[in-house]
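# Fold and contact review
Here's the letter readout for the chains.
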Amino acid sequence: MLFAIKIGFRYFQSGGSQTRLTVISVAFGVTVYLFITSLMFGLQNGLINTTIGNSSQITVEPLEESARILPIAGKLNLSTVQPFNEREVTLKGYVGLLPRLDAIKGVTAVSPVASGAGFAVRGGQTRPITIIGIEEDRGTQIFDLRYVMSSGRLDLGGQGAAIGIELARLLGLKVGDKLKVSSSKGVDQVFAVNGIFDAGNINVNERSFYVSLMNGQRLNDMVGAVSRIELKVAEPLALDDVVDEVRGVTGLKVQSWRDVNKELLSGLSAQSQTTTIIRVFTMILVATGVASVLIVSVMQRSREIGILKSMGASTRRLQGIFITLGTLVGVSGALTGVGFGGTMVAILASIPGTSPLRPGYALPIELNFRFVFEAFAVAAGVGAMAAILPARRAALMNPVDVIRLG
Amino acid sequence: MLVDMKGVGKEYEGVVPFLALSEVNLQVDKGEFVAIVGQSGSGKSTLLNLIGTLDRATTGTYLLDGHDIAQVSDSQLTRLRGELVGFVFQFHYLLPDFTVLENVLMPKAATRTRPTKEDTTEAMRLLERVGVAGEKDKLATAISGGQQQRVAIARALMGGKPLILADEPTGNLDSVNSESVFELMREVHDELKTTFMIVTHDERIADQCDRIIRITDGKIVDDHPRVAASPKS
Ligand SMILES: Nc1ncnc2c1ncn2[C@@H]1O[C@H](COP(=O)(O)OP(=O)(O)OP(=O)(O)O)[C@@H](O)[C@H]1O
Ligand SMILES: [Mg+2]
């Protein structure tokens, strides 16, 4: 095969402008390919991160019991069916569950949460809030409040609280100020604002009121229990197995981020389809380019092929020449494209202010080794494939014809 | 017997099939030096291509060095041709992207994985023999027409092939070059006892061959040894 490779190489070197143009068009295709896949990848990661990166990916909640009919003195009395909202259920045995959840493979964070509705009161102002009681060290593994503190710090000990920047603005609160909180369970408590955070989400910034788990349990009238357990996993895109195991361990209601983000998921799959279409077109671009240069090359070199055949070069060797040529065009196009596309992606990823998702940030474009490899393999592979037909044509040519037609 | 044809015919397919050769009986021994002459379109190239197995006869039997060509598969035929036959054409058909030396080595490269040191030595010896050793590293396109044809002869001789088929090898050369290229073939024949079959229009060249085969309308009409050129012998 060395013969074929050597001749293919030489043909490539002396291929002239036709070959160079094809290399450029392959490079262009690879650049587009890299750019699009990197952008899609970056956007997806960005979306996934903003959607699920800072929140619970698997949530364990108590089973919703069906409405019970309270037996009164052994008789059924339909008028004493317990209304839904009075049966707010909680997770009582959560303390025992935590180590078992921690032990599940693929689970990276486990955080019990005692949450409920309430009001924050200051001066004449009252704002509805969600009281969220967390264990500081476990809670920050789900959503690291420390990273989004705009003033003060995260300290939920004693009467400490962390509040959103919007709530702080609405109530005119600064770090160190005190305020009163009334829960919907009718429990009141005074808190000190130890930190004000900006979660990047108006809802969270206006509503969330973080306190210690103990305070959360007390305010929400669930001492010794929590309202849910939040989990994070190592592979948020492939968490079905973990969900099953969590369900098995707890026997409770288990929901994953997929169950509550159907739109995001369908958006992501639409994006993936777009990417696939672009990939296919890129491959076609590469294939037609390589095929065209090879068809021309086979025609130009038909006489040489005839001579090689008259010397006893086998069909396989002759095919090998043109498959080598096609592969070389593909590979050198891919190299150029990877160099060019990679640089472009790197530059774009470093210009701030181009992100459509987060103002002030660079385009969420991420070059991934897998894409580079894929683009390279596709260009080389498609190049070789596109060469097969012209190569076969070359090899089957009758030497007599080409020699006779001199 | 190197070439042994019995009742060989060749019909070209086409809208109107064309019988280019018929009833050819031809025996050529190792070491002969044969000219094939005839009018344009008489079938000389057709015959040479059949002998060189570039094409197959449509009728009759042809044994090349004892191999019945009709019984041999295409890929076997390719191999056989590579071992037995060297071609020289009217145009040199050197590969333009390769050097003179690489071109001479090409028949080895085309049939083997890699030319050996001995092959290179042989190629250099042949280049010296045809007088273009000094140009070995030039591109095949960078030497003169006469030199190119000499390189083509060296290439055909590469590997010690017993049969060299030359289709108007001097047809594209001026008379001085024609003469010297023919001389070269003659000398190589005398030294190596290689069999040469040369198609030519040039009666002067034909007259210097040992045997002259004349073709008219696809038939061998005359096949005789050279008439002694000089009355002295
Ligand atoms: N592939 C082919 N298909 C059809 N007819 C052909 C083919 N090759 C040759 N012929 C015909 O066969 C006849 C003999 O052709 P050939 O090339 O053998 O002649 P030639 O003696 O070599 O002529 P010249 O001296 O011009 O080279 C011609 O009439 C030619 O037109
Ligand atoms: Mg001819």
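In what follows, the structure referred to is the one given above.
Residues numbered from 1 in each chain as written. Chains lettered and ligands numbered in written order. Predicted model: local features only at pLDDT ≥ 70, side-chain atom pairs only at ≥ 80, totals over all residues. Heavy atoms only, no water.

Scanning chain B from terminus to terminus reveals seven helices and ten strands. Taken against the 2.2 N^0.38 rule, which gives 17 Å for 233 residues, the C-alpha radius of gyration of chain B at 18 Å falls within 12% of a compact globule. Principal axes of the C-alpha set define a box for chain B whose edges measure 50 × 45 × 35 Å. The 233 residues of chain B split such that 53% are buried. By sequence separation, contacts in chain B at least 24 residues apart represent 68% of the contacts at least 6 residues apart. Of the accessible surface of chain B, which amounts to about 10400 Å², a share of 51% is contributed by carbon and sulfur atoms. The average position of the 26 basic charges and that of the 34 acidic charges among the side chains of chain B differ by 4 Å. (Helix = DSSP H or I, 4+ residues; strand = E, 2+ residues; numbered from the N terminus. Rg over C-alpha atoms; globule rule 2.2 N^0.38 Å. Buried < 20%, exposed > 50% of the residue type's maximum accessible area, 1.4 Å probe, protein only. Contact = heavy atoms within 4.5 Å. Areas by Shrake-Rupley, 256 points an atom, 1.4 Å probe, with all protein chains shown as cover. Lys, Arg positive; Asp, Glu negative; His and termini not counted. Charge placed at Lys NZ, Arg CZ, Asp CG, Glu CD.)

The subject of this paragraph is the packing of helix H3 (residues 100-111) of chain B against helix H5 (residues 145-157) of chain B. All names here are of chain B. Running from N to C, H3 and H5 cross one another at 30°; their axes reach a closest spacing of 7 Å. As summarised for this structure, H3 and H5 are arranged roughly parallel, according to the angle between their axes. As H3 runs across H5, the sense of the crossing is right-handed. Contacts between H3 and H5 involve Val100, Asn103, Val104 and Pro107 from the first element and Val151, Ala154 and Arg155 from the second. For the contact of H3 with H5, the class distribution of residues is five nonpolar, one polar and one charged. (Axes fitted to C-alpha atoms, helices over the stretch in contact; angles between N-to-C directions. Parallel < 35°, antiparallel > 145°, perpendicular 65-115°, else oblique. Left-handed = near helix turned anticlockwise from the far one by under 90°. Nonpolar A, V, L, I, M, F, W, Y, C, P; charged D, E, K, R; others polar.)

The next point concerns a nonpolar patch on the surface. All names here are of chain A. On the surface, Ile277, Val280, Phe281 and Ile284 cluster together into a nonpolar patch covering about 390 Å² of accessible area. Mapped onto the secondary structure, Ile284 falls in helix H10 (residues 262-300). Its relative accessible area of 44% is what places Ile284 among the partly exposed residues. (Patch = residues over 30% accessible without salt bridge, like charges linked within 9 Å, V, L, I, M, F, W, Y side chains within 5 Å. Salt bridge = Lys/Arg side-chain N within 4 Å of Asp/Glu carboxyl O.)

Moving on, we get to the sheet that holds strand E5 (residues 67-68) of chain B. Residue and element names in this part refer to chain B. The strand order across the open sheet formed by four strands is E2-E1-E4-E5, and the pairing between neighbours is antiparallel. Two strands in the sheet have a free side with no partner beyond their single neighbour: strand E2 (18-28) and E5. Pairing of strand E1 (residues 3-12) with E2, which is carried by seven bridges, proceeds in the antiparallel orientation. Its bridge partner being in E2, Val8 is matched across the sheet by Val24. Its contacts with the sheet put helix H1 (residues 44-51) on E1, E2 and strand E4 (59-64), and the angle it makes with E1 is roughly 125°. (Pairing = 2+ DSSP bridges.)

We now examine the packing of aromatic side chains. Evaluation of the coordinates by the stated rule reveals ten aromatic pairs over all chains. A centroid spacing of 6.2 Å and a plane angle of 50° characterise the contact between A:Tyr11 and A:Phe322, whose relative ring orientation is tilted. Here A:Tyr11, found in helix H1 (residues 2-13), pairs with A:Phe322, found in helix H12 (residues 315-348); they are 311 residues apart in sequence, far enough to count as distant. Just as A:Tyr11 is buried, A:Phe322 falls in that class too. Here the aromatic rings of B:Phe91 and B:Tyr93 are separated by 6.3 Å at their centres, their planes lie at 55°, and the arrangement is tilted. For A:Arg301, the ring lying beneath its charged end belongs to A:Tyr11, and the centroid distance is 3.8 Å. (Phe/Tyr/Trp six-rings, centres within 6.5 Å; stacked < 30°, edge-to-face > 60°. Lys NZ or Arg CZ within 6 Å of the ring centre and 35° of its normal.)

This brings us to the interface of chain A and chain B. Residue-level contacts link 26 residues of chain A with 24 residues of chain B. Roughly 2200 Å² of surface becomes buried between chain A and chain B when both sides are summed, with 63% attributable to carbon and sulfur atoms. Ranking the residues of chain A by area buried against chain B places A:Arg10, A:Met311 and A:Val400 at the top, with a combined share of 27%. For the pair chain A and chain B, the number of links is three salt bridges. Its salt-bridge partner being B:Glu102, residue A:Arg10 comes within 2.6 Å of it at the nearest N-O pair. Where chain A meets chain B, there are seven residue pairs in polar contact (both at pLDDT 80 or more). (Buried area = accessible area lost by both parts, 1.4 Å probe. Polar contact = N/O pair within 3.5 Å; in protein donor to acceptor, adjacent residues only side chain to side chain.)

So, on to the site of ligand 1. Among the 14 residues in the neighbourhood of ligand 1, the closest are listed as B:Ser40, B:Gly41, B:Lys44, B:Ser45 and B:Thr46. What surrounds ligand 1 is not a single chain but chains A and B. Between ligand 1 and B:Gly43, the relevant distance is 3.0 Å, taken from an oxygen atom to a main-chain nitrogen or oxygen of the residue. Protein chains shield 73% of the accessible area of ligand 1, which is 630 Å² for the free molecule. Contributions of two or more residues to the shell around ligand 1 are made by E2 and H1 of chain B. The dominant element in the shell around ligand 1, judged by the number of residues it contributes, is H1(B), at three residues. Residue classes in the shell around ligand 1 are distributed as three nonpolar, eight polar and three charged. (Near = heavy atom within 4 Å.)

Nothing here speaks to function; it is all geometry.
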